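Residue strings, one per chain:
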Amino acid sequence: MIYLTYNDAPGGIYQGQVIDVCSFLEDTYHERVTLVAFISARGFFANRRKIKKEYPHSIVLPMYPRIENWKKNIGILRMVLPFLRKENVIARGVFATLIARDSMKFAKVCFDARGAYTAEWEEYLASHSPALSNEMRILESRALLESDSRIAVSQKLVDYWKTRFNYQFLNHVVIPCTLSSDLEINYSAEKVSTTRKELGINDNDIVLTYSGSSAGWQSFKVLEETITKAFTQNPSLKLLMLCNPETAKPLQDKFPGRVIQKWVNEKDVQNYLRAADYGLLVREDSVTNQVSSPVKFGEYLAAGLKVLISNNIGDFSEFVQDKNCGMLADIVNWTNLQRPSAEEKKNIQLVAETFFRKKNYTEQYKKLF
């Protein structure tokens, strides 16, 4: 089996959502999985080393410059893999899927859809390439309808396919963004206390946390509105921002002494998340967000945090209510908000273990081919 990626750089997301998947498939089905990765020529050799170190069964190729030239990578794939037998391929995203389809190198192609690509380009990425933005509906339609099977990160994404592309097939599976295999799920009151002291957080402080970037779909304006309302109503609230200093500065300036910013190694993020009480996943009501499966959702739960989430965030806005692991952010009673107990945190971590480990989706992956 082949797993094909295009224009995805190594990092935390790549580790958890690509390399971990390859390792999981290989270990579960006892079949060699080769990762074929097209990456940017910028920093190529350093990034190639990172990928091959994490997953030795990798073929890392320099992609043709500029994303608009994605078709030119078909020729590169054909030259590099002239003797490749007709294997099945899982292709991550629209471009990887079309490169796989049009190369005619694979027995069956699975479209691993990470979101609503047409909507994302319309809502957030049009300025990156107006030409691609105008073409994306056709490209996404091809990737979806011409593939042999599909992975959707949410049922809401499947609904989007039905509405926008008249999708009527049944050969798809829903697999949310799952946790990295090296992420440990445990609760230690002692470690939580130590980290809170390190951050200058008192026992009676109720800590909200935001972990992410300033990308458009992260909806920083909505985050600022939410924090302003929460802080005004409850003086015991503090905010831990695990992001770069630029992203945190506006809120730090607005609420001096109540916003703590840390920019830490990826492997240390979970330790800091555990020191908080609630994870914030507040985003604007865009189609991109309506069908999404934010990686951070599972990570918040794994840290034992109740998730305060906007309405219409993929399948998760309903999930937090069904599993009693959070609440909708727009109906939170900030004045009466309390720290979750140790028992509540352990129960939330059990939800993460049950729904966000890759082993829980063995049958779904098996169904693809």
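Only a predicted model underlies this, so the values are computations on that prediction, with no experimental measurement involved. (Residues numbered from 1 in each chain as written. Predicted model: local features only at pLDDT ≥ 70, side-chain atom pairs only at ≥ 80, totals over all residues. Heavy atoms only, no water.)

(A) Examining the sheet that holds strand β5 (residues 106-113) more closely. Pairing within the open sheet is parallel, and its 7 strands lie in the order β3-β2-β1-β4-β5-β6-β7. Pairing within the sheet leaves two strands with one partner each, and these edge strands are β3 (58-62) and β7 (172-174). Each strand axis lies, on average, 20° off the axis of its neighbour in the sheet, ignoring direction. Summarising the sheet, strand β4 (residues 87-92) and β5 pair through 5 bridges and their orientation is parallel. (Pairing = 2+ DSSP bridges. Helix = DSSP H or I, 4+ residues; strand = E, 2+ residues; numbered from the N terminus. Axes fitted to C-alpha atoms, helices over the stretch in contact; angles between N-to-C directions.)

(B) A look at the pattern of salt bridges. In this structure the tally under the stated criterion is 19 salt bridges. With a shortest N-O distance of 3.4 Å, Asp8 and Arg92 are connected by a salt bridge. In this pair, Asp8 is assigned in the loop between β1 (2-6) and α1 (12-29) and Arg92 in strand β4, connecting sequence segments 84 residues apart. Owing to a relative accessible area of 11%, Arg92 belongs among the buried residues under this scheme. In this structure, Arg114 engages Asp112 in a salt bridge whose closest nitrogen and oxygen atoms are separated by 2.6 Å. (Salt bridge = Lys/Arg side-chain N within 4 Å of Asp/Glu carboxyl O. Buried < 20%, exposed > 50% of the residue type's maximum accessible area, 1.4 Å probe, protein only.)

(C) Looking closely at the sheet that holds strand β10 (residues 259-262). If you walk across this open sheet you meet the 6 strands as β10-β9-β8-β11-β12-β13, and the pairing is parallel. Where the open sheet ends on each side, the last strands, each with one partner, are β10 and β13 (326-328). Shown here is a sheet whose adjacent strand axes are inclined to one another by a mean of 25°, direction ignored. The pairing of strand β8 (residues 206-211) with strand β9 (residues 237-242) spans 6 bridges and is parallel. Note on β9: the bridge partner recorded for Ile206 is Leu237. Each of β8, β9, β10 and β11 (278-281) is contacted by helix α9 (residues 220-233), which is oriented at about 155° to β9, the strand it contacts most. (Contact = heavy atoms within 4.5 Å.)

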